[in-house]
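# Overview (structure and organization)
As a plain string of letters, each chain reads:
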Amino acid sequence: MADDRINSYKTGPDENGRFGDFGGRFVSETLMPLILDLEAQYEHAKTDQSFWDEMEFLWKHYVGRPSPLYHAERLTQHLGGAKIYLKRDELNHTGAHKINNVLGQIILARRMGKTRIIAETGAGQHGVATATVCAKFGLKCIVYMGAHDVERQAPNVFRMKLLGARVIPVTSGRGTLKDAMNDALRDWVTNVRDTFYCIGTVAGPHPYPAMVRDFQAIIGKEAKDQMLEAEGRLPDTIIAAIGGGSNAMGLFFPFLDDTDVNIIGVEAGGKGVNAKMEHCASLTGGRPGVLHGNRTYLLQDDDGQILEGFSISAGLDYPGIGPEHSWLHEIGRAQYVSITDVEALEAFQLCCELEGIIPALEPSHALAHVMKIAPELPSDHIICMNMCGRGDKDIFTVAKALGLDMDQG
Amino acid sequence: MTRIDAKFADLLAAGQKAFVAYVMAGDPDYATSLEIVKGLPAAGVDIIELGLPFTDPMADGPTIQLAGQRALEAGQTLQKTLAMAAEFRKSDDTTPIVLMGYYNPIYSRGVDRFLAEAKAAGIDGLIIVDLPPEEDEELCIPAQKAGLNFIRLATPTTDDKRLPKVLTNTSGFVYYVSITGITGAAAAEAGDVGPEVARIKAHTDLPVIVGFGIRTPETSKAIASVADGAVVGSAIVAEIAAGKPVSEVLDFVRSLADGAHRA
Ligand SMILES: Cc1ncc(COP(=O)(O)O)c(C=O)c1O
């Protein structure tokens, strides 16, 4: 498998924010002093017990952690192979894993004396989580959201407004997540003194990929303990869906040095990973490039222009991926696959019918891959999948895709 | 000595400030853009900043974002941008051309290949917005080795402690971004810019040129008078976006250049 000289996969990034060749700090000079300051503040907070005490208190009493590890018995039976567990992060307050990270960043922002919080959002889950925590702490919140996503995720736009956030529809580019991130960066460059940029995934310039991973790693830490309690051993395979890759990094990170555990990341295959590029599978269908402050695998054309990608899931609709995933892919510690819209929709329905859980479209991609591999595996093979979000936000999209009329019932 | 160094030596001898004009290569199309670029020296432009279009220009305001989109839609690429510089060089061997843009198209082409091609096309310097000194190994150092100037942006957030780091591998000139913000935003006051330029000059002998937010001959003059020159981008690009004939665009450029030269 990987290089023998590496005796831990958990030491990255290096002091330049690199995971192997990936990551880094590709930002304009105006932002450079800000991200160096953020890095210093985070390094300090990381070793400060009172910072983690505050996190743990809020994770428990505000978010509802730990999230259960649930044996999906009927799904296991139906697929007739591996034993399937779901890590229930969809039960978190605000309905996804995003709030794990937001709490960390907002506590840090408060320590840094920042009063204005900006965020980008695709599906709206990160925007809702940020608006929620800002409401709780009385902070001003501005969320950039692609105009196209504002349309397809209308319920989340309304939620953010109820929570007191200002949602700014982004019309530059083609109006999806990558454009929202561009505009958030433009805001930050303009409002350098009072503003904290709360990034929603393990991307962006160093220290964001490492910091967001550390906040999301609570998912994998809990899953590990819970699995040991339930089964007396670690799972054989862990699986998560990947947009930017934060829920996946959160599940994977604590398991990286347990080399008997197979790690699988599932990218959005859209209409199929082929030359037409109507997908968001950066690792399976892209090549290395530099965007949004880091080097990573990107969907791009021959001229190095970034492509928009395509996925039924707004949360996966991003042409890049966190740099640590690019590294794990290149060294072979994790395996990355893709799942099409059609396959994800099937998994979505199956999960509703067999488990009474309406999953978000994002983890439906991970579930679709579980459906592919579980039947071929023995019954003593344990799979742990990250059910990172609930599907309430997606019911309109799903109804449309299935050709159903919600008013007719 | 690069064309940039030679140009500043000439300006110094003449006791004149520099006027730098930015246009997006390929906006609104290759032929019109080439015609505009060819007309810039006669309109009083001392240094040409040629924008390299990119889909995700995170430091640019709407005016330059849209210019990039128009250029890309009209089929502009890195290769065509270099071809345009080479075409310009056939009739002008003295006006420096600085390529300004983002790293990914260059990285995608391959740094060594790009540098050889850029040098051959007559490019003199590079301003790559998303390559701070922390990433100097990527392009800055190879570019200097290849004989191209690497021009760095200094900003209001670059404090005295950081300035030496920013200036270390800079050559040609220093581009002072007078505001915290994106291109096309409101201009800084000359009264605020002067002390900042002096602060930078205390650390370097390189010329300091100031840009961002300059859109009139008056501001061009005011800013140039407190620095070694002024840069105008969005205001010129806006004229092109409005569909003005090339001669009118160049008349506007001339008025800005005259402003800077009167300083
Ligand atoms: C439920 C859910 N899962 C996954 C994602 C994708 O993000 P990431 O890959 O960072 O976990 C999103 C993003 O909006 C989401 O809402």
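Residues numbered from 1 in each chain as written. Chains lettered and ligands numbered in written order. Predicted model: local features only at pLDDT ≥ 70, side-chain atom pairs only at ≥ 80, totals over all residues.

## So, the overall build of chain A
Our working rule: Helix and strand labels come from DSSP, where a helix needs a run of H or I of at least four residues and a strand needs a run of E of at least two; each type is numbered from the N terminus. A residue pair is marked as a contact if its C-beta atoms, positioned from the backbone, fall within 7 Å.
Counting its regular elements, chain A contains 16 helices and 14 strands. Taking the principal axes of the C-alpha coordinates as reference, chain A spans close to 55 × 55 × 50 Å. In chain A, the proportion of contacts linking residues at least 24 apart, taken out of those at least 6 apart, comes to 74%.

## A few points about the interface of chain A and chain B
Condition: Gly falls in the polar group here, along with every residue not listed as nonpolar (Ala, Val, Leu, Ile, Met, Phe, Trp, Tyr, Cys, Pro) or charged (Asp, Glu, Lys, Arg).
Chain A puts 28 residues into the contact, and the matching count from chain B is 35 residues. Among the elements of the structure, β2 (22–26), α1 (32–46), α8 (177–190) and β11 (287–291) of chain A are those that each provide at least two residues to the side of chain A that touches chain B. With 6 residues, the single largest contributor to the side of chain A that touches chain B is α8 of chain A. Of the residues assigned to the side of chain A that touches chain B, the class counts are 11 nonpolar, 12 polar and 5 charged.

## A closer look at the site of the ligand
Residues and elements named next belong to chain A. We apply this condition: The C-beta atom of each residue is placed using the backbone, and any residue whose C-beta lies within 6 Å of a molecule or strand is treated as near it. An automatic or database domain assignment supplies the start and end points of every domain.
Taken together, 20 residues sit near the ligand, with G243, S246, G315, E362 and G389 positioned nearest. Within the residue set of the shell around the ligand, elements represented by two or more residues are α5 (125–137), β9 (237–242) and α11 (246–252). Of the residues in the shell around the ligand, the class split is 8 nonpolar, 11 polar and 1 charged. Split by domain, the residues of the shell around the ligand number at least three in each of domain 1 (18–60 + 98–212) and domain 2 (66–95 + 217–401).

## Digging into the sheet that holds strand β13 (residues 335–340) of chain A
Across a sheet, strands are paired by hydrogen bonds formed along the backbone, either parallel or antiparallel in direction. Residue and element names in this part refer to chain A. Quick reminder of the rule: Two strands form a pair only when DSSP identifies at least two bridges running between them. All axes are obtained by fitting lines to C-alpha atoms, using only the stretch in contact for helices, and the reported angles, taken between N-to-C directions, cover 0 to 180 degrees.
Taken together, the 6 strands give an open sheet; going across it, the order is β3-β4-β14-β9-β10-β13, and neighbouring strands pair in mixed fashion. Sheet topology places β3 (69–71) and β13 at the edges, where each strand pairs with a single neighbour. Between one strand axis and the next, the sheet turns by 30 degrees as a mean value, whatever way the strands run. With 6 bridges joining them, β9 and strand β10 (residues 262–270) adopt parallel strand pairing. Each residue of the ladder has a partner; that of I242, found in β10, is E267.

## A short note on the environment of P57 of chain B
Residue and element names in this part refer to chain B. Along the chain, P57 falls in the loop between β2 (47–51) and α3 (62–73). Note: C-alpha distance between P57 and I182 (125 residues apart in sequence) is 9.9 Å. P57 has contacts with I64, Q65, G68 and Y102, leaving out every residue within four places of it along the chain.

## Re the domain arrangement of chain A
All names here are of chain A. Domains assigned within chain A are domain 1 (18–60 + 98–212) and domain 2 (66–95 + 217–401). Computed from C-alpha coordinates alone, the two centres of domain 1 and domain 2 are separated by 22 Å. Sorting the residues of the side of domain 1 that touches domain 2 by element identifies β2, α4 (98–111), α5, α6 (147–152), α7 (154–162), α8 and α9 (208–216) as the ones contributing at least two each. Considering each element in turn, the side of domain 1 that touches domain 2 owes the most residues, 5 residues, to β2. Looking at side-chain class alone, the side of domain 1 that touches domain 2 contains 17 nonpolar, 14 polar and 7 charged residues.

## Some points on the pairing of β11 of chain A
Residues and elements named next belong to chain A. Relative to strand β12 (residues 293–298), β11 is paired through 5 bridges, and the arrangement is antiparallel. Across the sheet, G289 pairs through a bridge with T296, a residue of β12. Between β11 and β12, which pair antiparallel and follow one another directly, the connecting turn spans 1 residue, one of which, H292, has a positive phi of 50 degrees.

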